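This is what each chain is made of:
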Amino acid sequence: APGEESPAATVLLGRYELGDLLGRGASAKVYRARDLLTGRSVAVKSFPNPRAAGGGGAEEGRRPVAIEREAAILRHLRHRHVVRLHEILATRKKVHFILDLAAGGELFSLVDASGRMTEDLARHYFRQLISAVRYCHARGVFHRDIKPENLLLDEAGELKVADFGLGAVADGNLRHTLCGTPAYVAPEILSRKGYDPAKVDIWSCGVVLFVLAAGYLPFNDASLVNMYRKIYAGKFRCPSWFSPALRDLLRRVLDPNPDARIDADGIAGHPWFCHGAGDEELAR
Ligand code: ADP
Ligand code: MG
């Protein structure tokens, strides 16, 4: 039921009829909506309008520049495995992104009772993730917050990378912004010496792959400080059921030295990644 979160019969621009709340992040709420013009379902990501007089102050939502950056990045991307932006609407109080609906929910809804998936299924989705990451990196766009909550599925079960809220555009400089989510953050971010955002994305893809196939995090501890120590040391143990090829790939992806770490093209050529794939699937 829409309830308080979504006032019944809210229709944006006379066109998008808001429905249930699908999810929420740090700064936005995401609703299912119906496009009354086409009859299709869409997703609406709503931010408090930072330009609203009196409301939407800095603590409440994101700064205008951050919303504009996310919009600019999304407008730039058109890929089978990246959530597409249709348009942006601003009302007095809110800014709404009209997005492709990822009706299949989060990727992690597909894990089994033990919290993991088979290596073959993990490879299937990891290929889709890397295809999106290669595309973004080739266009000079970095996500910087790759983690399970931002990997969604559409109706047909295809992976869609969502939430470029921490995205960055290439300018040849190293980055210093501390960002990401603790368990998925690369060691060079922790050392605060500046980092290459492409390498940071690759690291978090490695953490995602480990989690999918293992059912638990590669670097974890009840204490955040201890977790960061483990990430910094880059030491992790693969569960007994991982194949030798998967272990080898993970060692290369979760390499604490960013200069030695494999890149997206390298991953795409790795034997574990290529295993059993027809040319058609790899060409995606
Ligand atoms: P934030 O930038 O605040 O983290 P997100 O873009 O990550 O917001 O969206 C928050 C949550 O809403 C996601 O984790 C996901 O569960 C859901 N969501 C986001 N975009 C979509 C979409 N296009 N279709 C379906 N659900 C979505
Ligand atoms: Mg998010």
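Nothing here was measured: the structure is a model prediction, and the numbers come from that model.

Novice: What am I meant to see in the sheet that holds strand 1 (residues 11-12) here?
Specialist: What links the strands of a sheet is backbone hydrogen bonding, and the strands pair in either a parallel or an antiparallel sense. In spatial order, the strands read 1-2-3-4-6-5; together these six strands make up an open sheet with antiparallel pairing. Looking at the sheet topology across the chains shown, the edges are occupied by strand 1 and strand 5 (85-90). In the sheet, strand 3 (residues 29-35) pairs with strand 4 (residues 41-48) via six bridges, with the strands oriented antiparallel. By the bridge assignment, A33 is partnered in strand 4 with V42. Running over the sheet, helix 1 (residues 64-76) touches strand 4, strand 5 and strand 6 (94-100) and is turned about 155° from strand 5.

Novice: Is there a simple way to explain the sheet that holds strand 10 (residues 159-161) in this structure?
Specialist: Spatially, the three strands line up as an open sheet ordered 7-9-10, and their pairing is antiparallel. Each of the sheet's edge strands pairs with one partner strand only, and the pair in question is strand 7 (105-106) and strand 10. As paired strands, strand 9 (residues 151-153) and strand 10 are joined by three bridges and run antiparallel to one another. Looking across to strand 10, one finds that L152 is bridged to K160. Together, strand 9 and strand 10 form the strand contacts of helix 2 (residues 119-138), whose direction differs from that of strand 10 by roughly 35°.

Novice: What is the right way to look at the UniProt feature "binding site: ATP" (unreviewed entry) in the protein chain in this model?
Specialist: Under the feature "binding site: ATP" (unreviewed entry), the UniProt entry names K45. Structurally, K45 can be placed in strand 4. If near-sequence neighbours (up to four positions away) are discounted, K45 is found in contact with A28, V30, H96, F97 and L99.

Rules behind the numbers
Positions within a chain are numbered from 1, following the residues in the order the chain's sequence is written. Chains carry letters and ligands carry numbers; both start at the beginning, A for chains and 1 for ligands, and go up in the order they are written. Residue-level local features of this predicted model are given only where pLDDT is at least 70; pairs of side-chain atoms are given and counted only at 80 or more, and the full residue set underlies all totals for whole chains, interfaces and linings. Any two strands with at least two DSSP-identified bridges between them are counted as paired. The helix and strand labels rest on DSSP assignments: H or I over at least four residues marks a helix, E over at least two residues marks a strand, and numbering proceeds from the N terminus. Residue pairs are scored as contacts if the distance between their C-beta atoms, which are placed from the backbone, is within 7 Å. Here, axes are lines fitted to C-alpha atoms. For helices the fit covers the stretch in contact, and angles between N-to-C directions go from 0 to 180 degrees. UniProt positions are given in the numbering used here, feature names are shortened, and annotations may be inferred rather than shown by experiment.

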